[in-house]
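Single-letter residue listing:
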Amino acid sequence: MAILEHDAFMSDELRRVPLKELTNRLDSFRRVMTERDPAWKMAVITDKIDMYYFAGTMQDGAFIIRPEDAILWVRRSLARAKNESLLPESMLRRMHSFRQPAEFYGKDIPSVIYLDNKHTSLEWLGFFQKYFPMKQQRDLTPVLAQLRSIKSDYELELLTRAGRIHEQVLIHDVAPFLHEGISEAELAVRLYLKMLLLGSHGVARTNRPTGEDVIGLASFGKSALVRTAFDGPGGTGGTCVAVQSIGSAFRLLKRGRLVYLDISCGVDGYNTDKTVVYYYGDLNRDPDREKILKAYAYCLALEKETVSLLKPGAVFGDVYDTVMAHFDPAYEPYFMNGGRFLGHSIGLVMDETPVITHGVKDMVKENMVLAVEPKIGLPGIGMVGTENTYFIGKDGPICLTGGPVPLAVIK
C-alpha cells in the first residue's frame, strides 16, 4: 500500500477525503442496504463521524441517502462543507430546519426511514418527525458498523501513519520525560504534544453519544486500577471527579512505580491504539519484582497467541474462547480490570465493532484493523499489559504500532 510523502502530508493544505473514496462508500452503503432490505427508501446520517465518513466534512445537519440520490443538508456551515467536501455542489444544500428537506422530498417521504439509533437523541427525533412523519424507524447501526470495519487503502495509509507516530513517541520518546516529580497530567500532555507536532489530529473519539477522551491517560502505580465509566481495562482518577481521563496534576512520579500509558494517536480522523508500561526505579530492589515481570510476560504471551489466531475466516468469539480456555485462574479477578475482552476493531473511533470477546459471531476479514490489548491489574501495585494495533492482511495480522516490547525500566 502506498504511503503519503511526509512533506505533502505536513503541508498546510486541506487533506480532503478523495472523491473516489466517498463515491465508493456510498456505493457500498447502497449495496449493503439493498442486501438487507430490498425495499429501503431513505436513510438519514446525523452523527458527525459517519457524516465525515460519507461526505468528507462534519457539519450540523443531516446526510440523507436514497437509492437514487444523496444530499448533505447543512445548517452550519455550508461554506465550510463546500470547502472540505469533494462531493459535487449539487449534493450540498442549506437547511434552517428539517422543513427545507421535507419540502424537497415532498410526497416521496417514505413511511419507513432508517436512522442511526446509537446516536439519535429523543430531542433530535422530535425535530425530525415534525417534518418527516414516518410510521416506522429502523436501525442503521449494523450497516454502518459493517461498512466501517473494512478499511480501504486510503484509510490504511492514515492508520499506518498514526501507527508510526505511536511507535515513535510511546517507545522511543518517553524516557526523557520520566523523572521524579512529574505529574500524570503533565506526562500525558507532553506526550500528546509530541504526537501533535508529528501529525496526530489531537483527539480520541469513542463510539458513544457521550464519549470523550482527548489524550488517553497516564497513570502511576495504583491509580491505573481506578475504574472509569468507560469500559476499558486501564484506569485513572482523572483530572477531577468530572473528567475521568488524562491523569492527575497532583499525583507525582516516585521511584518504584509502574507507569501505565494508554495514549491515543490518530491522523485525519483515523485512530490507532497503543499501551506501554514502564517501571521507574530499580526493579531489582522491588519486593514485587517477580510478580510484576511474570504478569507482564503473561500479557505479552496472550497478545502473541491472540494475534496468531486473527487470520481471515476466524470467528472472533472462537478466538477469545481459544485463548481464554487455558487462562491462568490466578489472574481471573484482575484481568482487564474487570473487562471481558481481548481487543476490538478501531478506526474513526477507538472502540469500533466487532470486539474480540465471547459469543461474537463475526468473522475476521482482510483489511480489518484491530487493537489487541491483554492487561492484568496487580492489587496494590498497578496495571501491566500491552496493546498494539494490527492490520489484517491476507496471511494474517501486520502490526502498525511497533509491536509489543519487554518491560522497560527507567532508573
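Just so it is clear, the model here is predicted, and its values are computed rather than measured.

Student: I'm lost on the UniProt feature "domain: Creatinase N-terminal" (unreviewed entry) in the chain in this one. Help?
Tutor: Under the present numbering, the feature "domain: Creatinase N-terminal" (unreviewed entry) in UniProt falls on residues 25-150. Between the C-alpha atoms that bound residues 25-150 there is a distance of 11 Å. The span itself is 42% helix and 21% strand.

Student: Mind showing me how you'd approach the packing of helix 2 (residues 19-36) against helix 3 (residues 48-55) here?
Tutor: Geometrically, a packed helix pair is captured by the angle between its two axes and the distance between the axes. In contact at an axis separation of 7 Å, helix 2 and helix 3 are set at 110° when each is read in the N-to-C sense. Taken together, the axes of helix 2 and helix 3 lie roughly perpendicular to each other. Along its contact with helix 2, which presents Leu22, Arg25, Leu26 and Phe29, the element helix 3 presents Tyr52, Tyr53, Phe54 and Ala55. Of the residues assigned to the contact of helix 2 with helix 3, the class counts are seven nonpolar, no polar and one charged.

Student: Honestly, the environment of tyrosine 260 in this entry has me stumped. Any pointers?
Tutor: Mapped onto the elements, tyrosine 260 comes out in strand 8 (residues 257-263). C-alpha separation for the pair tyrosine 260 and glutamate 184, spaced 76 residues apart in sequence, amounts to 9.6 Å. Residues in contact with tyrosine 260, not counting those within four places in the same chain, are Leu217, Ala218, Ser219, Ala224, Pro233, Gly234, Thr275, Val276, Val277, Lys375 and Met383. For tyrosine 260, the side chain forms a polar contact with the side chain of lysine 375, separated by 3.0 Å.

Student: Which parts of the structure should I look at to understand the packing of aromatic side chains?
Tutor: Inspection of the entire model under this criterion finds 15 aromatic pairs. Seen in terms of ring centroids, phenylalanine 29 and tryptophan 40 are 6.0 Å apart; in terms of plane orientation they differ by 90°. Their pairing is edge-to-face. Taken together, the residues span a long stretch of sequence, with phenylalanine 29 in helix 2 and tryptophan 40 in the loop between helix 2 and strand 1 (43-45) at a distance of eleven residues. Grouping residues by exposure puts phenylalanine 29 and tryptophan 40 together as buried. Judged by centre distance (4.9 Å) and plane angle (90°), the ring pair of tyrosine 53 and phenylalanine 54 falls under edge-to-face. Taken together through their ring pairs, the aromatic side chains of Trp73, Phe98, Phe104, Tyr105, Trp124, Phe128 and Phe132 make up a single cluster.

Rules behind the numbers
Residues numbered from 1 in each chain as written. Predicted model: local features only at pLDDT ≥ 70, side-chain atom pairs only at ≥ 80, totals over all residues. Heavy atoms only, no water. UniProt positions renumbered as here; feature names shortened; annotations may be inferred. Helix = DSSP H or I, 4+ residues; strand = E, 2+ residues; numbered from the N terminus. Axes fitted to C-alpha atoms, helices over the stretch in contact; angles between N-to-C directions. Parallel < 35°, antiparallel > 145°, perpendicular 65-115°, else oblique. Contact = heavy atoms within 4.5 Å. Nonpolar A, V, L, I, M, F, W, Y, C, P; charged D, E, K, R; others polar. Polar contact = N/O pair within 3.5 Å; in protein donor to acceptor, adjacent residues only side chain to side chain. Phe/Tyr/Trp six-rings, centres within 6.5 Å; stacked < 30°, edge-to-face > 60°. Buried < 20%, exposed > 50% of the residue type's maximum accessible area, 1.4 Å probe, protein only.

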